[in-house]
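Observations on the model geometry
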Amino acid sequence: MTSLDLAFAAAGAVTLAAAVLAVTTRHLVHSALWLVLSLGGLAGCYLVLGAELVALVQVLVYVGAVVVLVIFALMLTRAPIGPSPEHTTSRLHRALAALLGGGVTALLLAVLVPLAGREAVARTPVVSAVIAGDLFATWVWPFEALSLLLLLALIGAFSVARLTGGRAQGES
Amino acid sequence: MIHLLLPYAVAAALVGIGTYGVLARRNAVLVLIGIELMLAGAGLLLVTAGAVGGDRWQAGNVLTLFIITIAAAEVVLALAVIVAVFRRRDNIDISITTALPASAPAAAETGDPR
C-alpha cells in the first residue's frame, strides 16, 4: 500500500458509499444531495490519479451545474420533502435490480482485475498546459463538434419545454 | 506509485450501482441519477487508463472532459423531457404507462405544433 493508494481508498470509499445512498434513499431530495457527495468524491479520485483539470471540471460542471439542474427538476415535478413510499418498487424488483447491478460489477471486475496486475505503477500527473495543447491540436474537431452539440442541446431543451407548455395552454 | 486494482474496482462498482439505480427506481429523475453514476464510472476508468502513462494525446483526460460535457447536454435534454412529461401526465412515474395513450389523440388534434 502506498500513500496514493490510501488517498484513493479514502476518496473511493466516500464515492461508493454516497453512490449507494443516492440510489437507495427514499427521500428524493436526499438522493440528489448524495449524488453531490458521490461526484465530489469522484473529483477527489481524479485528483489522486493526477488529473487536476478533469477534477476541476468535474466539480464545476457536475456538482455546480448538473446537480443543480436535477434539484430544479425535482422541484418542478413537485417532489415531496419527506420519504416518498409511492415511488419505491417492490422488494422482488429491487432484489432483481441488485442482482443485475452486482452481475454488471462482477463482469467488469472479471475483465479489469487481470488488467490491473499486482505491482504498483508510476502515476504520471498531467499538466493542464499539456491537455490544453492536445485539446486544441489533436482534438480540435471533436471539441468544435461538442460546442455544436451543446448549442443543439440548448435549443432542443428550450423547444421541448416551450412547445409542450404551449400545447398544455391550448388544451386547458 | 499506485495500484491499479483500486481505481478499476471503484469504476466497476460505480457502474453496477448506477445499473441498480436505473433498474430499481420509478421516479424518472432518480433513473437519471443512476445514469450519471454509470457515466462517472466510465470517466474514472478513462482517467485511470490515462494516468498510467503511454497516453500520447492525453486521450484519457480529454475524453473524460468530453464525457462530462456530453453528460451535461444529455441531462439538460432529459430534464426538459421529464418536465414536459410532468406537465402532461402530472407525474413522472416511469412504471405508469396508461396516461400515454390518453394524451396521444390530443397531440393528433393539435397537429403539427409548429
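Note that the coordinates shown come from a computational prediction; the quantities given were computed from them, not determined experimentally. (Residues numbered from 1 in each chain as written. Chains lettered and ligands numbered in written order. Predicted model: local features only at pLDDT ≥ 70, side-chain atom pairs only at ≥ 80, totals over all residues.)

1. Let's talk about the overall build of chain A
- Counting its regular elements, chain A contains six helices and zero strands.
- Ordered by position from the N terminus, the helices and strands of chain A form the series α-α-α-α-α-α.
- Its C-alpha radius of gyration of 21 Å places chain A more than 25% over the 16 Å reference for a compact globule of 172 residues.
- Of all 172 residues assigned to chain A, the portion counted as buried reaches 28%. (Helix = DSSP H or I, 4+ residues; strand = E, 2+ residues; numbered from the N terminus. Rg over C-alpha atoms; globule rule 2.2 N^0.38 Å. Buried ≥ 20, exposed ≤ 12 C-beta atoms within 10 Å, placed from the backbone.)

2. Section: the UniProt feature "transmembrane region" (unreviewed entry) in chain B
- The sites that carry the UniProt feature "transmembrane region" (unreviewed entry) are, in the present numbering, residues 6–23, 30–51 and 63–86 of chain B.
- For residues 63–86 of chain B, the helix share is 100%, the strand share is 0%, and the end-to-end C-alpha distance is 34 Å. (UniProt positions renumbered as here; feature names shortened; annotations may be inferred.)

3. Examining the interface of chain B and chain A
- Tallying the contact residues gives 67 residues for chain B and 84 residues for chain A.
- Secondary structure elements with two or more residues in the side of chain B that touches chain A: α1 (5–24), α2 (28–51), α3 (59–89) and α4 (99–110) of chain B.
- With 22 residues, the single largest contributor to the side of chain B that touches chain A is α3 of chain B. (Contact = placed C-beta atoms within 7 Å.)

4. Remarks on the nonpolar core
- Counting 76 residues, the largest nonpolar core has V70 of chain A together with L14, V29 and I33 of chain B as the members making the most contacts within it.
- Considering every element that reaches this core, the biggest residue donor is α2 of chain B, with 14 residues.
- Sequence-distant contacts of I33 of chain B, defined by excluding residues within four places in its chain, comprise A22, V23, S31, A32, L35 and V70 of chain A together with G21 of chain B. (Core = buried A, V, L, I, M, F, W, Y, C linked by C-beta atoms within 7 Å.)

5. A closer look at the UniProt feature "transmembrane region" (unreviewed entry) in chain A
Residue and element names in this part refer to chain A.
- Within this structure's numbering, the places UniProt gives as "transmembrane region" (unreviewed entry) are residues 32–49, 56–75, 95–113 and 147–165.
- Helix and strand shares over residues 56–75 are 100% and 0% respectively, and the end C-alpha atoms of the span are 27 Å apart.
- The span residues 95–113 is 100% helix and 0% strand, and its two end C-alpha atoms sit 26 Å from each other.

6. With respect to the packing of α1 of chain B against α2 of chain B
All names here are of chain B.
- Following both chains from N to C, one finds α1 and α2 inclined at 165°, their axes separated by 7 Å at the closest point. Here α2 runs roughly antiparallel to α1, going by the angle between their axes. Both α1 and α2 take part in a crossing whose hand is left-handed. Counted together, P7, Y8, V10, A11, L14, V15, I17, G18, T19, G21 and V22 of α1 and L30, V31, I33, G34, I35, L37, M38, A40, G41, L44, L45 and T48 of α2 form the full contact between these two elements. (Axes fitted to C-alpha atoms, helices over the stretch in contact; angles between N-to-C directions. Parallel < 35°, antiparallel > 145°, perpendicular 65-115°, else oblique. Left-handed = near helix turned anticlockwise from the far one by under 90°.)

7. So, helix α4 (residues 91–116) of chain A
- Under the 1.5 Å per step criterion, the end-to-end length of α4 of chain A is 36 Å for 26 residues, consistent within 8% with the ideal 38 Å.
- Maximum bend of α4 of chain A: about 30°, positioned at A110 of chain A, with proline P114 of chain A one to four residues after it.
- Buried residues of α4 of chain A: A97, G101, V104, T105 and L108 of chain A, and no others.
- Next to the buried residues of α4 of chain A lie α1 of chain B. (Expected span 1.5 Å × (residues − 1). Bend = angle between axes of the 7 residues up to and from the residue.)

8. Some words on the environment of G21 of chain B
- Relative to the helices and strands, G21 of chain B resides in helix α1.
- When the 27 C-beta atoms within 10 Å are taken as the criterion, G21 of chain B is described as buried.
- In this structure the C-alpha to C-alpha distance between G21 of chain B and R87 of chain B, which are 66 residues apart in sequence, comes to 24 Å.
- Here G21 of chain B is in contact with V23 of chain A together with L30, I33, G34 and L37 of chain B, once residues within four sequence places are set aside.

9. Regarding the domain arrangement of chain A
- According to the domain assignment, chain A contains domain 1 (1–83 + 110–126) and domain 2 (139–172).
- Spacing between the C-alpha centres of domain 1 of chain A and domain 2 of chain A amounts to 27 Å. (Domains from an automatic or database assignment.)

10. With respect to the packing of α2 of chain B against α3 of chain B
All names here are of chain B.
- Between α2 and α3, the least distance of the axes is 8 Å, while the angle of their chain directions is 175°. Judged by the inter-axis angle, α2 sits roughly antiparallel to α3. Contacts from A28, V29, L32, E36, L39, A42, G43, L46, V47, A49, G50 and A51 of α2 reach α3 at A59, G60, N61, L63, T64, I67, I68, A71, V75, A78 and I82.
- Split into classes, the residues belonging to the contact of α2 with α3 amount to 17 nonpolar, five polar and one charged. (Nonpolar A, V, L, I, M, F, W, Y, C, P; charged D, E, K, R; others polar.)

11. Notes on the environment of V31 of chain B
Residue and element names in this part refer to chain B.
- Here V31 shows up in helix α2.
- Note on V31: 19 C-beta atoms within 10 Å, which makes it partly exposed.
- Along the primary structure V31 and I96 are separated by 65 residues, whereas in three dimensions their C-alpha atoms are 14 Å apart.

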